[in-house]
Amino acid sequence: MNNKNLLHKKLYPFPVQVGEYTRLREITGDDTSLILNWRNNPEIGSHITFSLDKLTKKKHEIFLEKYFDENMNYYFIIEELNTSKAIGTVSVDNIDVLAKKAEIGKLLLGVEHRVHVFEVYYLVQRFAFETLQLNKTYAFQQEANKACKFMEYLGAKKEGVLRQHYWNGVWCDNIVMWAMFLPDFLELKGRYERMSSAIIN
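Small disclaimer: the values here were computed from a predicted structure and weren't measured. (Residues numbered from 1 in each chain as written. Predicted model: local features only at pLDDT ≥ 70, side-chain atom pairs only at ≥ 80, totals over all residues. Heavy atoms only, no water.)

Engineer: Give me the lowdown on the pattern of salt bridges, citing residues and values where you can.
Structural biologist: If charged atoms from side chains of opposite charge come close, those side chains can pair. If you walk through the whole model with that rule in mind, you get 9 salt bridges. With its nearest N and O atoms 2.7 Å apart, the salt bridge here joins Lys10 to Glu26. With Lys10 in the segment before β1 (17-18) and Glu26 in strand β2 (residues 22-26), the pair connects residues that are 16 residues apart, well separated along the chain. Judged on exposure class, the residue Lys10 and its partner Glu26 are both buried. In this structure, Asp31 and Arg25 form a salt bridge, with 2.8 Å as the shortest nitrogen-oxygen distance. Summarising the burial analysis for this pair, Asp31 and Arg25 share the class buried. What you see here is one network of salt bridges that share partners, running through Arg23, Arg25, Asp31 and Glu79. (Salt bridge = Lys/Arg side-chain N within 4 Å of Asp/Glu carboxyl O. Helix = DSSP H or I, 4+ residues; strand = E, 2+ residues; numbered from the N terminus. Buried < 20%, exposed > 50% of the residue type's maximum accessible area, 1.4 Å probe, protein only.)

Engineer: For the pairing of strand β5 (residues 101-109), give the residues involved together with the corresponding values.
Structural biologist: Here strand β4 (residues 86-96) pairs with β5 via 6 bridges, running antiparallel. Residue Asp96 lies in a different strand from β5, and its bridge partner there is Lys101. Between β4 and β5, which pair antiparallel in sequence order, lie 4 residues; one of them, Lys100, sits at a positive phi of approximately 55°. Pairing of β5 with strand β6 (residues 136-142) involves 3 bridges; the strand directions are parallel. Residue pairing across strands places Ala102 opposite Thr137, the latter belonging to β6. Chirality of the crossover, the property in question, places the unit of β5, helix α3 (residues 117-131) and β6 among those that are right-handed. (Pairing = 2+ DSSP bridges. Right-handed = clockwise from strand over helix to strand, strands pointing away.)

Engineer: Let's hear about the nonpolar core: which residues, and what values?
Structural biologist: Ranked by internal contacts, the top residues of the largest apolar core, which has 45 residues, are Leu24, Tyr74, Phe76, Val90 and Val92. When residues in this core are grouped by element, the largest group, 9 residues, is from α3. In this structure Phe76 touches Phe14, Pro15, Gln17, Leu24, Arg25, Gly88, Thr89, Val90, Ser91, Val92, Val124 and Phe127, once residues within four positions along its chain are discounted. (Core = buried A, V, L, I, M, F, W, Y, C linked by side-chain atoms within 4.5 Å. Contact = heavy atoms within 4.5 Å.)

Engineer: Which residues make up unusual backbone geometry, and what are the values?
Structural biologist: Following Tyr12, the chain continues to Pro13 via a peptide bond in cis, the omega torsion being 0°. Despite not being glycine, Asn71 has its phi angle at roughly 60°, a positive value.

Engineer: Quick one: what's the story with the side chain of Thr89, residue by residue and with numbers?
Structural biologist: Mapped onto the secondary structure, Thr89 falls in strand β4. A distance of 2.5 Å separates a polar atom in the side chain of Thr89 from the backbone oxygen of Lys106. Here Thr89 is in contact with Ile35, Trp38, Tyr75, Phe76, Ile77, Ile78, Lys106, Leu107 and Leu108, once residues within four sequence places are set aside. (Polar contact = N/O pair within 3.5 Å; in protein donor to acceptor, adjacent residues only side chain to side chain.)

By themselves, these figures tell us nothing about what the structure is for.
Given below as C-alpha cells:
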C-alpha cells in the first residue's frame, strides 16, 4: 500500500470558519509580524507547548514555506468578525486519514480576547468533526498552564499525563494529553447553539 495515498490533502478553497463573533481564515505571509509578536510575548506565547525558543522571522518563513508546500494541515488566523482584526491562531495538524484523528494546536489568544475561546474551540472542532469527518481530536498542554482548567469545561477528556516530559525553562513540566470524540463534540455543539440562541433572544 502506498502511504502517500493516505495523506490528507488540504481542502480548496480554504475552508474559512465563521461564528457569531469570530472568523477563522488561513494564515498568510502578511501575518508574519503578528505571529512573531504573539509568539515572543511571554504573556501569550508561553501558553504554546514546546515553544520555549524565541521565534525569528527566518524560522517562521521556513515554517510557512513547508506548510504551503506540504498542503496537508490547516493553520488558522482568528479574526474578530465585526472588525476583521486578527486576534490569535489555532491549527488542525497531523491529520490521520485511517485513524480519523487530528491534533488541535497553536491556540493563541491575547488576554483581552480570551472571551472568544469557547467559540474558537467550537469552530475548530466543528471543522474537524463535520467537515473533515474525523472521529477524534487531541491536544497537548503543559500541566502548569492555567488554560488546562478550561479544557474540561470545554468538554475535552484527559487521556493521560506524560510526566516530567518538557523543560519549560524552569523545571521539567508534565504534559497533559486531551481528547475529544464525536459524542463530546455533539455535546459541545449543543451548548454552543443554546448559548447563541439565548444571546439572540
